[in-house]
Amino acid sequence: MPITSVTKDAEALTMTVVSDFSVPVQRLWDAHADPRQLEKFWGPEDWPATFTRHDFHPGGRSHYWMTGPDGTRAAGYWEFLAIDPGRSFEVTDGFADESGTPNPEMPQMRLRLTFDETPHGSRLTSTSWFNSTEDYRQLLEMGMEEGLTSAMGQMDAVLEDLSSFAAGRGAQTQMLTDTKVRISRIIRGTPEKVWQAHRDPDLMRCWLLGPDGWRMRECQLGEKVGESYRFVWEREEDGSDSFAFFGELKELDAPHREVTTENMEGMPSPPNINEQTLTPVHGGTLLTVVITYPDKETRDIVLGTGMADGMEASYARLEAVLTASSRS
């Protein structure tokens, strides 16, 4: 059990939990930066978490819910107030509905996690500030202390897993809900370079190709929120077959987050929503795309086309492009 101490101060309206781990600070930090890892330990052991959004940068947000043994869901959000990479981050932590909208009838608090190197590994200090004595008592009565200590107790197993989330693995596909899918991959390169590779048409034509045998014929980007984009691919052999995707740029926060709608030309179904985030981690940049489909049937049809394999082929090319550019 990594818990070293739990200190509650009713006068200062704070609770501090100190935990020690036998891993480097970077490993501990990455476990919090990567939603795939975070949801394996955040929350009580019998209330596993699902993160549908995790923008790990100042001004970013996280949306998640925890699912109880009887299927009950308790949702929450983080709003990132500050991040000192590898050292600390601070969030507003509150209750929400499953879309991430804060619940004004429930208390919120300020939470700071500090990461320090120790002679035997690393130390995580979690400090919570409550807004009132009433909030302090209510949250402790709801089991906040037990939840935090349970979360810290689950971290060792995640931290010891050095292969499941390492650079060099292909794209991973996770079903979050009946309509939400998360595609994740570490790309060797900085977030700035990965971002640029998504915003430069000449670079995109080098890697955004899907399976072998296709080329990008048209690459029209939306430069500002509200503008449209359109991508067209055709067979390299003779251009006899082609398909196109189009949509609208909904959010743009360089080099962290991009949100777009997506339709396939000739298909009458409502658009998908694609939320892409880039997060620096050990080995490169964690690229995460959360795709929201209009319904489960559409989700299954799209995944059945081999979309995930095509995305991995493109990401492998992207990594090769970035590696070659860093050597030139």
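Computed from a prediction, not measured in an experiment: that's the story for all the values here.

Our next topic: the state of the cysteines. What we call a disulfide is simply a covalent bond connecting the sulfur atoms of a pair of cysteines. Summed over all chains, the structure comprises zero disulfides. Cysteine Cys206 is unpaired, with the sulfur of Cys219 as its nearest cysteine sulfur at 10 Å. We classify Cys219 as buried; its relative accessible area is 9%.

Moving on: helix H4 (residues 144-153). The buried count for H4 comes to seven of 10 residues, which makes it a mostly enclosed element. Residues Met144, Gly147, Leu148, Thr149, Ser150, Ala151 and Met152 constitute the buried set of H4.

Our next topic: the pairing of strand E14 (residues 257-264). In terms of burial, E14 is a largely internal element, six of the eight residues being buried. In this structure, strand E13 (residues 242-253) lies alongside E14, joined through six bridges in antiparallel fashion. Residue pairing across strands places Phe246 opposite Asn263, the latter belonging to E14. Pairing between E14 and strand E15 (residues 272-281): six bridges, direction antiparallel.

Another point: the nonpolar core. Formed by 42 residues in total, the largest nonpolar core has its most connected members in Trp42 and Phe89. Residues Ile183, Phe231, Leu278 and Tyr293 belong to the second largest nonpolar core, which totals 28 residues.

Let's shift gears to the sheet that holds E15. Read from one edge to the other, the open sheet built from eight strands follows the order E9-E10-E16-E15-E14-E13-E12-E11, with strand pairing classed as antiparallel. Two strands bound the open sheet, and with one partner strand each, they are strand E9 (172-175) and strand E11 (214-220). Between one strand axis and the next, the sheet turns by 25° as a mean value, whatever way the strands run. In the packing of helix H9 (residues 307-327) onto the sheet, contacts are made with E9, strand E10 (180-187) and strand E16 (284-292), and the angle to E10 comes to roughly 25°.

Looking now at the sheet that holds strand E8 (residues 121-130). In sheet architecture, strand pairing relies on hydrogen bonds along the backbone and comes in two forms, parallel and antiparallel. Taken together, the eight strands give an open sheet; going across it, the order is E1-E2-E8-E7-E6-E5-E4-E3, and neighbouring strands pair in antiparallel fashion. Only two strands of the sheet have a single partner each, and these edge strands are strand E1 (3-9) and strand E3 (49-54). Each adjacent strand pair in this sheet contributes to an overall mean axis angle of 20°, direction not counted. Here E1 pairs with strand E2 (residues 14-21) via six bridges, running antiparallel.

Take the side chain of Thr260 next. Tracing the sequence through the fold places Thr260 in strand E14. Excluding residues within four positions of it along the chain, Thr260 makes contact with Tyr229, Glu248, Leu249, Lys250, Asn272, Ile273 and Asn274.

Moving on to unusual backbone geometry. The peptide bond linking Ala254 to Pro255 adopts the cis configuration, its omega dihedral lying at -10°. Along the chain, Pro255 falls in the loop between E13 and E14.

One can describe the packing of helix H6 (residues 191-199) onto H9 by two numbers: an axis separation of 11 Å at closest approach and a directional angle of 115°. For the element pair H6 and H9, the recorded crossing hand is right-handed. Contacts between H6 and H9 pair Lys193, Val194, Ala197 and His198 from the former with Leu318, Leu322 and Ser326 from the latter. Looking at side-chain class alone, the contact of H6 with H9 contains four nonpolar, two polar and one charged residues.

Where strand E12 (residues 228-235) meets E13, seven bridges bridge the pair, whose relative direction is antiparallel. Counted as the bridge partner of Tyr229 is Gly247 from E13. Hairpin connection from E12 to E13: six residues lie between these consecutive antiparallel strands, with Gly239 at a positive phi of about 70°. What sits between the antiparallel neighbours E13 and E14 is a turn of three residues.

Reading the values: rules and limits
Residues numbered from 1 in each chain as written. Predicted model: local features only at pLDDT ≥ 70, side-chain atom pairs only at ≥ 80, totals over all residues. Heavy atoms only, no water. Disulfide = S-S within 2.5 Å. Buried < 20%, exposed > 50% of the residue type's maximum accessible area, 1.4 Å probe, protein only. Helix = DSSP H or I, 4+ residues; strand = E, 2+ residues; numbered from the N terminus. Pairing = 2+ DSSP bridges. Core = buried A, V, L, I, M, F, W, Y, C linked by side-chain atoms within 4.5 Å. Axes fitted to C-alpha atoms, helices over the stretch in contact; angles between N-to-C directions. Contact = heavy atoms within 4.5 Å. Left-handed = near helix turned anticlockwise from the far one by under 90°. Nonpolar A, V, L, I, M, F, W, Y, C, P; charged D, E, K, R; others polar.

What is shown is where atoms sit, not what they do.
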